[in-house]
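# Analysis of the macromolecular model
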Amino acid sequence: MSNQDELKKLIDELERKGERLEALIRLGNSLKDEDRRLPMSFNSFLNLASRKPRHVFRNVFQLFHDMVLFYVEKFDDAKSTDDETAGFVNYDFSNLFEKDCDDPFFADRLFTNRFMKLAFDIRQASQNNRIFLFEGPPGSGKSTFLNILLRKLEEYTFTKEGSLYETHWRLDIERLGGFRRFERELQKIAIETGDADLVQRLLSTQLASEKLPKKYLEFSCPNHDHPILQIPISYRRQFLEELITDEDFKHDLFSDKEYEWVLKDIPCGICNSIYEVLTDNVGEPLAILNMINARKTKFSRQFGEGISVFNPGDPIMDEPVVNPQFQSMLNDLLKTDSVSYIYSYLAKTNNGVLALMDIKENNIKRLMDLHGIISDGVHKVGFIEERIKTLFVGLINPADKQHYEKEPSFRDRVINVSVPYVLDYLTEVLIYKNKFGESLEEKFLPRVLENIAKIIISSRLKRESTAITNWLNSYHNYEKYTDKDFLLLKMELYAGNVPDWISEEDEKSLTTQTRREIFRAAKQEGKAGISGRQSLYLLNNFLNKYVQSDKLIRMDEVQEFYAGHAEVKDWLPEGFIDSLVNQYDYNVLQVIRESIYFFNKNQISRDIINYLYSVNFEEGTTVECVYTNDKLEISEDYYKNFEAIFLGATSTKKMRESFRKDIQNEYVSKTLSIDLQVHNRKIQDTEQFKLLFEKYTKSLKENALVPYIGNESFRMAIIDYDTPMFKKYDSRLKKDVTQLLSQLVKRFDYKIEGARQIAIYALDKNLPGKF
């Protein structure tokens, strides 16, 4: 190897080392920024509070609400106003429950709306002094839900937006009695305990000047008291009046219940005792406040700080937490034993979250022990009252509610939050894709996988729906489109859809109040039926039986498997899957019609405009339309051919004349006299034209397949499409087949083989005749 090669190799190695060093430095800086919780002086804290009061003045209940809003977004939905009014907003919870989650939780629209209301209620303090028990049947995912919720809350507190502040004491050792004597006492304790690093850990050094170091005893309040609580209550309101310049926030602070704690809460026994002793020893209030710092509260489920999670088998902790060595140092520094450094395990989650994972075994006792604390917010630790304001949550199965329901006073303190089985088929499909992979849908013809989800969800719904039957004026007309119990209709509404087969009259009567009643009834659903685990097990068996390399899974295969499965049949109402197939067939027909339907928009527009002009003249006359310049020979046949498109070929003369008269009346009284002459609109921009155009094209679309029913050549041309055999068909037939299959691919997510399959399916089942 030449010297030049060696030099190049050396340079490359140095560059690699430099890159590794830079990466290590960046990692170190990132970790330092993430983990840093350096205390700030009380003056700096007040400066921050003055600039960002909503950020600073938060307790855990407000923090929880803000965390939810941090992760959750609202979809921009055309129906959002109506949905919001009805309490059925389309929220995006993917950042909260799905993103960066090994085992995600998929929340449907019904649950997300209830959860958002819960978060708002928690913030408003309307549900404080309560424990929130998330109740759901086995397999509903409630454990996954709560674990993710707690993890995302912990992660949120590491962000700038998620800061929660607590009191951090920096007791000035020199001012309180001399450093040397105190250091000797620490060294004595270190020798007795064998802890050589004790002195270094408990003493921090800060340069008061260039030459003179200053020593402090530092520790954070074990009860996580907010720093503002160290301002005596009698002075606190006036102080905040002067501190805060944001008038809107100041109004909220002094009038809203959610901020009552800022004005009324008192410090814990430890902080209160220290403040009183310092008042006696130091005297100067400003010097005392200079010993108070603020620090970001640490939330760590692993160490039980800010978040503590208790499983049923975890041992009960009744003994208070004490630290004899630290107590001795405090006594010696403050020259008194009136500060008792003692607290309970509940202090670690004061202004935090305490969670009980299932109310069984030891968690039954924990729940009952929390009764008084939840009710009154206070309990005794030794001789000292300890005040607790914690967000208490837990999981419970319906069968375990007996443990607290026998106690009426405690029952009133429990808020049950339902975590039911998924009731939205689109969300159920997301669960399938998460389990079996994003490519799962590619094994099915479009909308067939959704129908599997609908079969499962039907087992979780109530059979009767008074709200729906009260809403529908003509529900007997929907037998072709939904099941007798309206479960399929209910599923569409739960997914945020109003089916297009709902009549115009019924759609108009779907008022906000009606929607509320329908969604309110959903609270009683999802508590029984095929569980999430069972659903995945069934789908796995189905895939093993029906997946083929060259064919997509069809609806008749789904019907064969699920309708014949004993476990599924026991849960489903009679005839439900047949109704589901009917709905599927209807939707397939609409897709086929949309795909084969082709019209000349300009010609249809001319026909409508000519008709609007012609209704003003008698039969037997010939006129020139002023809008199109077309010559019109007005006759009964002319009217009949046009009006049959709207009224049907079997319409009577009386029906057509009535239709014609209504058209003329609207044309003269509104279209001509107002839209054209007053507003100077083009006739194509009038409401009357637009409505006729919509009805005209809809009628053409509905009859688009009629010429091909029973046409074997059309059927064979579909099968032969994209093969050499396709060339033998006449140009018109090839054009229609190409139009149909290409539009199925382009507009409705079919692959070409799936387009063939579904087109043959529609013809063989004579779907136009069925509907």
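First things first, this report covers the structure right here in the doc. This one's a predicted model, so the numbers in the text were calculated from it and none came from an experiment.

## Observations regarding the overall build of the protein chain
Each helix and strand in the protein chain was counted, giving 38 helices and 18 strands. By the burial criterion, 49% of the 771 residues in the protein chain qualify as buried. Pairs at least 24 apart in sequence give 73% of the contacts found in the protein chain among residues at least 6 apart. About 39200 Å² of surface is accessible on the protein chain, with carbon and sulfur atoms providing 48% of the total.

## Section: the pairing of strand 14 (residues 384-387)
The pairing of strand 13 (residues 378-381) with strand 14 spans 4 bridges and is antiparallel. Paired with His379 across the two strands is Glu386, which belongs to strand 14.

## Brief notes about the packing of helix 22 (residues 448-458) against helix 30 (residues 576-596)
The interhelical angle for the contact between helix 22 and helix 30, taken along N-to-C directions, is 150°, at an axis separation of 11 Å. In this view, helix 22 runs roughly antiparallel relative to helix 30, as classed from their interaxial angle. Two packed elements cross with a definite hand, and for helix 22 against helix 30 that hand is right-handed. Taking contact as the criterion, the partners of Val448, Asn451, Lys454, Ile455 and Ser458 in helix 22 are, on helix 30, Phe576, Ile577, Leu580, Gln583 and Tyr584. In terms of residue class, the contact of helix 22 with helix 30 is built from 6 nonpolar, 3 polar and 1 charged.

## Digging into the nonpolar core
Within the largest apolar cluster, 89 residues are counted, with the highest numbers of intra-cluster contacts made by Phe542, Tyr562 and Leu744. No other element matches the 11 residues that helix 30 contributes to this core. Beyond its immediate stretch of four places on either side in the chain, Phe542 contacts Phe444, Ile452, Ile553, Glu557, Val558, Phe561 and Tyr562. Formed by 51 residues, the second largest nonpolar core is a distinct cluster that contains Ile231, Leu240, Leu253 and Leu334.

## A short note on the side chain of Thr112
With respect to the helices and strands, Thr112 occurs in helix 7 (residues 109-123). Once residues within four sequence positions are removed from consideration, Thr112 is found in contact with Tyr91, Phe93 and Ala107.

## Description of the packing of aromatic side chains
By the definition in use, this model includes 48 aromatic pairs. Residues Tyr481 and Tyr586 carry aromatic rings whose centres are separated by 4.6 Å and whose planes lie at 65° to one another, so their mutual orientation is edge-to-face. Of the two residues, Tyr481 sits in the loop between helix 23 (466-471) and helix 24 (487-494) while Tyr586 sits in helix 30, which places them 105 residues apart along the sequence. Lying across the ring of Tyr71, Lys152 places its NZ or CZ 5.1 Å from the centre. In this structure, Arg660 is placed above the aromatic ring of Tyr639, and the distance from its NZ or CZ to the ring centre is 4.0 Å.

## Considering helix 35 (residues 712-720)
Given 3.6 residues per helical turn, the α-helix brings residues three or four places apart onto the same face. Within the span of helix 35, buried status applies to Phe714, Ala717, Ile718 and Asp720. Looking at the buried positions of helix 35, the neighbouring elements they touch are helix 30, helix 36 (731-748) and helix 37 (752-764). The N-cap of helix 35, judged by a side-chain oxygen 3.1 Å from the amide nitrogen of Ser713 a few residues on, is Asn711. Immediately beyond the C-terminal end of helix 35, within one or two residues, lies Asp722, with a positive phi of roughly 70°.

## Notes on helix 16 (residues 324-334)
Taken together, the buried positions of helix 16 are occupied by Phe326, Gln327, Met329, Leu330, Leu333 and Leu334. End-on view of helix 16: buried residues confined to an arc of 160°, all on one side of the axis.

## So, the state of the cysteines
Inspection of every chain in the model, using the stated rule, returns 0 disulfides. Cys271 takes part in no disulfide bond, and the closest cysteine sulfur, belonging to Cys221, lies 3.5 Å away.

## Considerations on the pattern of salt bridges
Counted by the stated rule, this structure contains 39 salt bridges. If you follow the salt bridges from partner to partner, you end up with Arg58, Asp66, Arg123 and Glu258 in one network.

## Considerations on the environment of Gly269
Take Gly269: it is sitting in helix 14 (residues 269-281). On the basis of relative accessibility, which here comes to 27%, the residue Gly269 falls in the partly exposed class. Remark: the alpha-carbon pair of Gly269 and Tyr341, spanning 72 residues in sequence, is separated by 8.7 Å.

## Some remarks on unusual backbone geometry
Leaving glycine out, the prevailing phi sign among residues is negative, and the prevailing peptide bond configuration is trans. One non-glycine residue with positive phi stands out, namely His224, at about 60°. Relative to the helices and strands, His224 is located in the loop between strand 7 (213-220) and helix 11 (233-243). The phi torsion at Asn629 lies on the positive side, around 65°, for a residue other than glycine. Turning to its location among the elements, Asn629 is positioned in the loop between strand 17 (622-624) and strand 18 (631-633). A residue is classified by how much of its surface remains accessible, and Asn629, at 54% relative accessible area, is exposed.

## Description of the pairing of strand 4 (residues 131-135)
For a regular strand, the rule is simple: side chains alternate between the two faces of the sheet. Counting buried positions over the 5 residues of strand 4 gives 5, a clear majority of the element. The side-chain alternation of strand 4 yields two buried faces, one formed by Ile131, Leu133 and Glu135 and the other by Phe132 and Phe134.

## Details of the packing of helix 36 against helix 37
It is at 9 Å that the axes of helix 36 and helix 37 come closest, and there the two elements cross at 120°. Of the possible angle classes, the one that applies to helix 36 and helix 37 is oblique. The hand of the helix 36/helix 37 crossing is right-handed. The residues of helix 37 that touch helix 36, namely those facing Leu740, Leu741, Leu744 and Val745, are Ile752, Ala755, Arg756, Ile758 and Ala759.

## Quick word on the sheet that holds strand 15 (residues 391-396)
Working definition: the strands of a sheet are paired by backbone hydrogen bonds and lie parallel or antiparallel to each other. Strand order in this open sheet of 5 strands is 9-12-15-4-16, and the pairing throughout is parallel. The open sheet is flanked by strand 9 (307-310) and strand 16 (414-418), the only strands paired with a single partner. Direction aside, neighbouring strands of the sheet carry axes that sit 20° apart on average. With 4 bridges connecting them, strand 12 (residues 353-356) and strand 15 associate as parallel partners. Looking at the pairing, Leu354 lines up with Phe392 of strand 15. Most of the contacts of helix 17 (residues 362-369) go to strand 12, to which it runs at about 135°, and overall it touches strand 4, strand 9 and strand 12.

Cut-off values and rules
- Residue numbers here run from 1 along each chain, matching the order of that chain's written sequence.
- Local features in this predicted model are restricted to residues of pLDDT 70 or higher, and side-chain atom pairs are both shown and tallied only at a pLDDT of 80 or more, whereas totals for entire chains, interfaces and linings draw on every residue.
- Hydrogens and water are ignored here; the side-chain numbers use all heavy atoms of the structure.
- What counts as a helix is a DSSP run of H or I of at least four residues, what counts as a strand is a run of E of at least two, and both are numbered from the N terminus.
- For every residue, the accessible area obtained with a 1.4 Å probe (protein chains only) is divided by the maximum for its type, and the residue is called buried under 20%, exposed over 50%, and partly exposed between those limits.
- Residue contacts are counted whenever heavy atoms from the two residues lie within 4.5 Å of one another.
- With residues, only the protein chains shown are counted as cover, and all accessible areas are computed by Shrake-Rupley using a 1.4 Å probe.
- Being paired, for any two strands, means DSSP has found at least two bridges between them.
- Here, axes are lines fitted to C-alpha atoms. For helices the fit covers the stretch in contact, and angles between N-to-C directions go from 0 to 180 degrees.
- Note on terminology: angles under 35 degrees are roughly parallel, angles over 145 are roughly antiparallel, angles of 65 to 115 are roughly perpendicular, and the others are oblique.
- Definitions for this section: a left-handed crossing has its near helix turned counterclockwise from the far helix by less than a right angle. A right-handed crossing has that turn clockwise.
- Gly falls in the polar group here, along with every residue not listed as nonpolar (Ala, Val, Leu, Ile, Met, Phe, Trp, Tyr, Cys, Pro) or charged (Asp, Glu, Lys, Arg).
- The set of buried Ala, Val, Leu, Ile, Met, Phe, Trp, Tyr and Cys residues whose side-chain atoms join them within 4.5 Å is what this entry labels a nonpolar core.
- Here the aromatic set is Phe, Tyr and Trp, taking the six-membered ring for Trp, and pairing holds for ring centres within 6.5 Å; pairs whose planes are under 30 degrees apart are stacked, those over 60 apart are edge-to-face, and all others are tilted.
- The criterion is that NZ of a Lys, or CZ of an Arg, lies within 6 Å of the ring centre and within 35 degrees of the ring normal, and then a charge sits over that ring.
- Nitrogen and oxygen atoms within 3.5 Å of one another constitute a polar contact, given that in protein one can donate a hydrogen and the other can accept it, and given that sequence-neighbouring residues count only through two side-chain atoms.
- Note: the arc covers the axis-to-C-beta directions of the helix.
- By definition, disulfides here are pairs of cysteine sulfur atoms that lie within 2.5 Å.
- A pairing counts as a salt bridge when a side-chain nitrogen of Lys or Arg comes within 4 Å of a carboxyl oxygen of Asp or Glu.

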